[in-house]
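The residues making up each chain are set out below.
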Amino acid sequence: MAMAVGHLMRRGVIHRSVFPVLLPKIHRGEQIMSRDSQVIRCQVHDCRGFRTVQPKIRKVEEIESRAGQVIQCRAAVAWEAGKPLVMEQVKVAPPKEMEVRMKILYTSLCHTDVYFWEAKGQTPLFPRIFGHEAGGIVESVGEGVTDLAPGDHVLPVFTGECKECTHCKHEQSNMCDLLRINTERGVMISDGQSRFSINGKPIYNFLGTSTFSEYTVVHSGCVAKIDPLAPLDKVCVLSCGISTGLGATLNVAKPPKGSTVAIFGLGAVGLAAAEGARIAGASRIIGVDRNPAKFDEAKKFGITEFVNPMEYDRPVQEVLAEMTGGGVDRSVECSGNTNAMISAFECVHDGWGVAVLVGVPHKEAQFKTHPMNFLNERTLKGTFFGNYKPRTDLPSVVEKYMNKELELEKFITHRVPFSEINKAFDYMLKGEGLRCIIHMDG
Ligand code: NAD
Ligand code: ZN
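Just so it is clear, the structure is predicted and the values come from calculations on it, not from any experiment.

**Student:** How do you make sense of unusual backbone geometry when you look at a structure like this?
**Tutor:** When glycine is set aside, most residues are seen to have a negative phi, and most peptide bonds are trans. Geometrically, the link from Phe126 to Pro127 is a cis peptide bond, its omega value of -5 degrees lying close to zero. Note on placement: Pro127 falls in the loop between α3 (111-118) and β6 (128-129). A positive phi angle, close to 65 degrees, is found at Lys404, a residue other than glycine. Among the secondary structure elements, Lys404 is positioned in the loop between α12 (390-402) and β19 (412-417). Accessibility expressed as a relative area gives 75% for Lys404, which makes it exposed.

**Student:** Please clarify how the site of ligand 1 should be interpreted in this entry.
**Tutor:** Within the structure, ligand 1 sits among 30 residues, and His111, Thr112, Asp289, Val358 and Phe385 are positioned closest to it. Tyr115 has a polar side-chain atom sitting 3.0 Å from an oxygen atom of ligand 1. The contact in question runs from an oxygen atom of ligand 1 to an N or O atom on the backbone of Ala268, over 3.3 Å. Compared with its free state, where it exposes 860 Å², ligand 1 has 92% of that area covered by protein. Secondary-structure elements contributing two or more residues to the shell around ligand 1 are α3 and α7 (268-280). Broken down by element, the residue count for the shell around ligand 1 peaks at three residues, all from α3. Across the shell around ligand 1, the residue classes break down as 15 nonpolar, eleven polar and four charged. Residue assignment places the shell around ligand 1 across two domains, with domain 2 (63-240 + 410-439) and domain 3 (242-384) each supplying three or more.

**Student:** Got a minute to help me understand the packing of aromatic side chains in this structure?
**Tutor:** According to the stated counting rule, one finds eleven aromatic pairs in the structure shown. An aromatic cluster is present here, built from Phe116, Phe126, Phe130 and Phe206 joined pairwise through their rings.

**Student:** What am I meant to see in the coordination of the zinc ion (ligand 2) here?
**Tutor:** Think of it this way: four donors in a tetrahedron around the metal ideally sit 109.5 degrees apart, and six in an octahedron ideally sit 90 or 180 degrees apart. The coordination sphere of the zinc ion (ligand 2), as far as protein atoms go, consists of Cys110 (SG), His132 (NE2) and Cys240 (SG), spread over 2.0 to 2.4 Å. Mapping the donors of the zinc ion (ligand 2) onto the primary sequence yields the spacing C-x21-H-x107-C. With His132 in the loop between β6 and β7 (133-141) and Cys240 in the loop between α5 (232-235) and α6 (241-253), the pair connects residues that are 108 residues apart, well separated along the chain. Judged by its relative accessible area of 1%, His132 falls in the buried class. On the basis of relative accessible area, Cys240 is assigned to the buried category, the value being 5%.

**Student:** What exactly am I supposed to notice about a nonpolar patch on the surface here?
**Tutor:** Taken together, the side chains of Met372, Phe374 and Leu375 make up a nonpolar region of the molecular surface, amounting to roughly 300 Å² of accessible area. If you trace the backbone, Phe374 turns up in helix α11 (residues 372-375). With a relative accessible area of 38%, Phe374 lands in the partly exposed category.

**Student:** Looking at this model, I keep getting lost on the nonpolar core. Mind explaining?
**Tutor:** Side chains of nonpolar character tend, in soluble globular proteins, to be buried together. Val90, Phe212, Val235 and Leu238 are the most contacted members of the largest nonpolar core, which totals 109 residues. It is α7 that contributes the most residues to this core, seven residues altogether. Counting residues domain by domain, this core receives three or more from each of domain 2 (63-240 + 410-439) and domain 3 (242-384). In contact with Val235, not counting residues within four places along its chain, are Leu155, Ile226, Ala230, Val398, Tyr401 and Leu408. Ile286, Val319, Ala344 and Val348 belong to the second largest nonpolar core, which has 15 residues in total.

**Student:** Would you mind going over the sheet that holds strand β10 (residues 201-205) with me for this structure?
**Tutor:** By way of backbone hydrogen bonds, the strands of a sheet pair with one another, either parallel or antiparallel. Read across the open sheet, the five strands follow the order β3-β4-β9-β10-β6; overall the sheet is mixed. Only two strands of the sheet have a single partner each, and these edge strands are β3 (71-77) and β6. Relative to β10, β6 is paired through two bridges, and the arrangement is parallel. Considered in β10, the bridge of Arg128 is made with Tyr204.

Thresholds applied
- Residues numbered from 1 in each chain as written.
- Chains lettered and ligands numbered in written order.
- Predicted model: local features only at pLDDT ≥ 70, side-chain atom pairs only at ≥ 80, totals over all residues.
- Heavy atoms only, no water.
- Helix = DSSP H or I, 4+ residues; strand = E, 2+ residues; numbered from the N terminus.
- Buried < 20%, exposed > 50% of the residue type's maximum accessible area, 1.4 Å probe, protein only.
- Near = heavy atom within 4 Å.
- Polar contact = N/O pair within 3.5 Å; in protein donor to acceptor, adjacent residues only side chain to side chain.
- Areas by Shrake-Rupley, 256 points an atom, 1.4 Å probe, with all protein chains shown as cover.
- Nonpolar A, V, L, I, M, F, W, Y, C, P; charged D, E, K, R; others polar.
- Domains from an automatic or database assignment.
- Phe/Tyr/Trp six-rings, centres within 6.5 Å; stacked < 30°, edge-to-face > 60°.
- Donors = N, O, S within 2.8 Å, 3.2 Å for Na, K, Ca; no water.
- Patch = residues over 30% accessible without salt bridge, like charges linked within 9 Å, V, L, I, M, F, W, Y side chains within 5 Å.
- Salt bridge = Lys/Arg side-chain N within 4 Å of Asp/Glu carboxyl O.
- Core = buried A, V, L, I, M, F, W, Y, C linked by side-chain atoms within 4.5 Å.
- Contact = heavy atoms within 4.5 Å.
- Pairing = 2+ DSSP bridges.

Okay, here's the thing in structure tokens:
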């Protein structure tokens, strides 16, 4: 068996970098593909002995390295708050120490990009290249990077994992001291400069990822190496929204089997949180959203009851308490609206209820509730990236998709070429659909 794969590798049909990943898959009798999209026939050995298979094609993409050189490429630049992005030729400097330069193949739009692009209630920083939910391939690496190499398939993450600090070493935290989310920095941490420029003028980055560019430079601690056979045009949504929602429920709210869970905000993040509740075995999942158009889509995610706060003249927490005989066991807030955050906390049952905040609030937001709500044994928590440690945990979330334990297709409602990226903003602003995948080659 190993000889058969070795032979294909020598002929250049299978690239060396995927060999260690391929071999166990072939032993499990799984399908493989060639790098030039030709069908490979190969002998596999599984419980039924040796047999010849004609595997389905799944393209393992590769790119050319331009290590040490400045790359000129297309990027969608936000020159001003709330104005359509403009497609520009930008220069992308080579990666410095502990950084990697990656080619983005697919990116999608998350509401966090939209908040900071609108800059209403957030610090404005322009010109800027937004984008943080994406998938791509490492093009070159800077000095000191030992665990990533050109050709690796990766997901960039807006928060990092240095693996050295007290947070990274603490089992419960993903709030890395060095690389935790910073929405206001706009430059690389090593030298306080951006790697993007136009005519010598720097363009700020966003969350250290800036994936609305064909090439970007990211700190190596914010890059998760994943299975090269995972389809990047789908698993790119795991780089932020879907992992965030899923982890908020599975890792933080932890609903017991048979419990009742309320989800506030039925965008991709909220529906991923609902998916987490379904996987955990919740028996009732109640969706709360101000946009009734969201309810139809949400039925595909196991949500059976819907509440539109706009239809009531009393606080939605009272409506939920009535529906559930005193309150829900768990709630997960994924809207970013401060009133929804307060309702999500106050709607959990006294004695044991746990609420988890995920939505990103405005800069000046204040959370106000009566302290008695805490004394009555309700718990309030919050999380970034669903408490996943990006580099350690993300590859296994990708594997959940590969093993068909997690469906991603239903989160992807639109696709647009990169040249039409502003359409993705329109969909999100109108509340249409969930995730829009932006194809960088278009
Ligand atoms: P989205 O716009 O697709 O979904 C948000 C949903 O909330 C919409 O359906 C909207 O109608 C609904 N909504 C707004 N106000 C509401 C209210 N008062 N009550 C009930 N529903 C309300 O956005 P998304 O991409 O799914 O992101 C959701 C939130 O999660 C955003 O705030 C985003 O910034 C945040 N986020 C946080 C993290 C994290 O790590 N904590 C990561 C990603 C996204
Ligand atoms: Zn995001």
